[in-house]
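Structural characterization, general
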2 protein chains.
Amino acid sequence: MKMNNYIKLIDDKLDEYIQIEEPQNLFKSMKYTVTLPGKRLRPIMCMETCSMLGGDFEDAVPTACAIEIAHAMTLIHDDLPCMDNDDYRRGKPSNHKVFGEAIATLAGDALITFAPQIITKYSTNLSPITILRVLNEYFNYIGARGVIGGQVADIESEGNNNIQNKKEVLDYIHTHKTSDLFQLSIRTGAIIANASDEQLKLLTDFAKKLGIAFQIADDILDEISTFEKMGKTLGKDKQSGKLTYVSLYGLDESKCKLSCMLKECRDIMRTQNIKSEIFEQIILNIEKGAEI
Amino acid sequence: MKMNNYIKLIDDKLDEYIQIEEPQNLFKSMKYTVTLPGKRLRPIMCMETCSMLGGDFEDAVPTACAIEIAHAMTLIHDDLPCMDNDDYRRGKPSNHKVFGEAIATLAGDALITFAPQIITKYSTNLSPITILRVLNEYFNYIGARGVIGGQVADIESEGNNNIQNKKEVLDYIHTHKTSDLFQLSIRTGAIIANASDEQLKLLTDFAKKLGIAFQIADDILDEISTFEKMGKTLGKDKQSGKLTYVSLYGLDESKCKLSCMLKECRDIMRTQNIKSEIFEQIILNIEKGAEI
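Residues numbered from 1 in each chain as written. Chains lettered and ligands numbered in written order. Predicted model: local features only at pLDDT ≥ 70, side-chain atom pairs only at ≥ 80, totals over all residues. Heavy atoms only, no water.

**Notes on the overall build of chain A**
The number of helices and strands found in chain A is 14 helices and two strands. On C-alpha atoms alone, chain A measures out to a radius of gyration of 18 Å, which is about the 19 Å that the 2.2 N^0.38 rule sets for 292 residues. Taking the principal axes of its C-alpha atoms as reference, chain A extends roughly 50 × 50 × 35 Å. Looking at chain A as a whole, 59% of its 292 residues qualify as buried. Contacts in chain A between residues at least 24 apart in sequence constitute 73% of all its contacts with a sequence separation of at least 6. Summed over its atoms, the accessible surface of chain A is roughly 11800 Å², and 46% of this surface lies on carbon and sulfur atoms. Side-chain charges of chain A comprise 34 positive and 42 negative groups, with the mean position of each set lying 2 Å from the other. (Helix = DSSP H or I, 4+ residues; strand = E, 2+ residues; numbered from the N terminus. Rg over C-alpha atoms; globule rule 2.2 N^0.38 Å. Buried < 20%, exposed > 50% of the residue type's maximum accessible area, 1.4 Å probe, protein only. Contact = heavy atoms within 4.5 Å. Areas by Shrake-Rupley, 256 points an atom, 1.4 Å probe, with all protein chains shown as cover. Lys, Arg positive; Asp, Glu negative; His and termini not counted. Charge placed at Lys NZ, Arg CZ, Asp CG, Glu CD.)

This is the structure we're talking about:
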């Protein structure tokens, strides 16, 4: 599949899976952020991984959508006034600016259980054991040991000049806030394709590196891009004294580290004979996006 | 098992299941509200239902704990300033008063995925199919179609004098905000004991009625009890113009409705030959608590 076909498939399915039920305001709020146009990078990685390992990407569609929904959930809560306090997301007013803080908080909560419901309801070709494995991956990478743990470390780093081991903390934040969703996407795609333990281990390493590269690029973009290009308020990390690659290493060294990380991703693909135009394209887009 | 033995078991298991990992502040915040002393009504109902249907209540312990954890999660988010803005819970400062709003929000998020992890990790005697059934109950009753939907309707009713169908809205709020967790507890206990579809249907009806009775009693207590007895700020429902049984029907008619609802619960127990001292005790406690 081409990138655009994947995007269209995910957009259609997300629209189909989230119907507006009662209480309507809640479901509208849930659907609003999930269906804002996006790159759909995580679900695409899930389906593509399944496909490149010989599985049928259709089997991964519910899981892929669930991951995009969980990602949207993290955006809704990250944007709240008590967290990053962002008024815009993907070029539109953020969820709480449209629906209010209470509904936005509850919409996020609701999406956390709505996403795995999609996995159990629509994964009709998967065995109960595979579904349980996928759900365990979801709980693990979304929860306190995953994305949410990363967000906590991110918030606690803000304006804190007393952090001793800044490099380790930054690594922790990036691993969990960003790489964990990349790992979840790629690992579940692999599990659905019945990957071996060895394949899974290798792809987890690849996913971690790709996620960190993506986050370094994002930190760079927060410094050099514009609202028009990114659809969200920029320069906020700097303003709020957040620990980022650019604040810790400077712009030039960050670009260098990004370049290194992308090279490692390409090396893994080459040495392990991973053939995927989609992943090549994703790596290229991260590279071009950060203008390195 | 006696009520106090069940409570001790749950308290011990909750303490054991939630270990303080990194990021420590997040896990401390998660553990804080979950382990505040409480009646443990929901987990007890789960284990007792399993036991009275001939199952081993030990098999229901992880699910019972997961439900108590999910309940704690709803308390953390309900207490947030953007929701009910409550400073106290179970006689102690509420979660965000201790850990701040950002951590409290994220601790709630984390608990939503932490709870089902306990089910999948510790339910070693249950088949994958039973675990999936239990998880689906959890997703359904916790999510947008369950407790969270009820909280949205509750918030939207606040200070809104233009609601046309007040009785239906109140029924919706109580069914979802309170009864849904009662239904989840009793249904999962029954599923773990391999209950028949007919038993499940009957117990669902019983759970719904018991939950509504509990919430009517809670509305009455909000009017007539004291902070010392309840451990939370009272009279707030009235102040904020919330739709409650007392605000809609008055105190006397609410007591009458509660009495009726408890009679129906006892009738179900008698006609269906449900023998459980624990459920008799729960009904009695609701009755005595509201002083009817």
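Having seen the structure, we can now continue with the description.
**Quick notes on the relation of the copies chain A and chain B**
Of the transformation placing chain A onto chain B, the axial shift is 0.0 Å and the rotation is 180 degrees, giving an RMSD of 0.0 Å. These values place the two chain copies in the arrangement generated by a two-fold rotation axis. (Least-squares fit on C-alpha atoms with pLDDT ≥ 70 in both.)

**Some remarks on the packing of helix α4 (residues 61-78) of chain B against helix α9 (residues 166-192) of chain B**
What describes two packed helices is the angle between their axes and the distance between those same axes. Residue and element names in this part refer to chain B. Taken N-terminus to C-terminus, the directions of α4 and α9 make an angle of 165 degrees; their axes are 10 Å apart at the nearest point. In terms of orientation, α4 lies roughly antiparallel with respect to α9. Our pair here, α4 against α9, has a crossing hand that is right-handed. Of the residues in α9, those touching α4 at T63, I67, H71 and D78 are K177, L181, L184, S185, T188 and I192. (Axes fitted to C-alpha atoms, helices over the stretch in contact; angles between N-to-C directions. Parallel < 35°, antiparallel > 145°, perpendicular 65-115°, else oblique. Left-handed = near helix turned anticlockwise from the far one by under 90°.)

**Here we look at helix α6 (residues 101-122) of chain A**
Residue and element names in this part refer to chain A. If you check α6, its first and last C-alpha atoms are 31 Å apart, about what 22 residues at 1.5 Å a residue would give, namely 32 Å. The sharpest bend along α6 measures roughly 25 degrees and falls at I112, with the proline P116 sitting one to four residues further on. For α6, a buried count of 19 out of 22 residues is recorded, marking the element as mostly surrounded by other parts of the structure. (Expected span 1.5 Å × (residues − 1). Bend = angle between axes of the 7 residues up to and from the residue.)

**Thoughts on the packing of aromatic side chains**
In the structure shown here, the tally under the stated rule is 17 aromatic pairs over all chains. Residues B:Y138 and B:F139 carry aromatic rings whose centres are separated by 6.1 Å and whose planes lie at 70 degrees to one another, so their mutual orientation is edge-to-face. The exposure classification of B:Y138 matches that of B:F139, with both residues buried. Linked through ring pairs, A:Y138, A:F139, B:Y138 and B:F139 together constitute an aromatic cluster. (Phe/Tyr/Trp six-rings, centres within 6.5 Å; stacked < 30°, edge-to-face > 60°.)

**Brief notes about the interface of chain A and chain B**
Counting residues at the interface gives 45 residues for chain A, matched by 45 residues for chain B. Buried area between chain A and chain B, both sides added, is near 3700 Å², and the carbon and sulfur share of it is 72%. On inspection of chain A and its partner chain B, the count reaches two salt bridges. A salt bridge links B:E21 to A:R145, with the shortest nitrogen-to-oxygen separation between them at 2.8 Å. At the boundary of chain A and chain B, one finds eight residue pairs in polar contact (both at pLDDT 80 or more). Elements that contribute at least two residues to the side of chain A that touches chain B include exactly α2 (24-34), α4 (61-79), α6, α7 (128-142) and α8 (147-157) of chain A. (Buried area = accessible area lost by both parts, 1.4 Å probe. Salt bridge = Lys/Arg side-chain N within 4 Å of Asp/Glu carboxyl O. Polar contact = N/O pair within 3.5 Å; in protein donor to acceptor, adjacent residues only side chain to side chain.)

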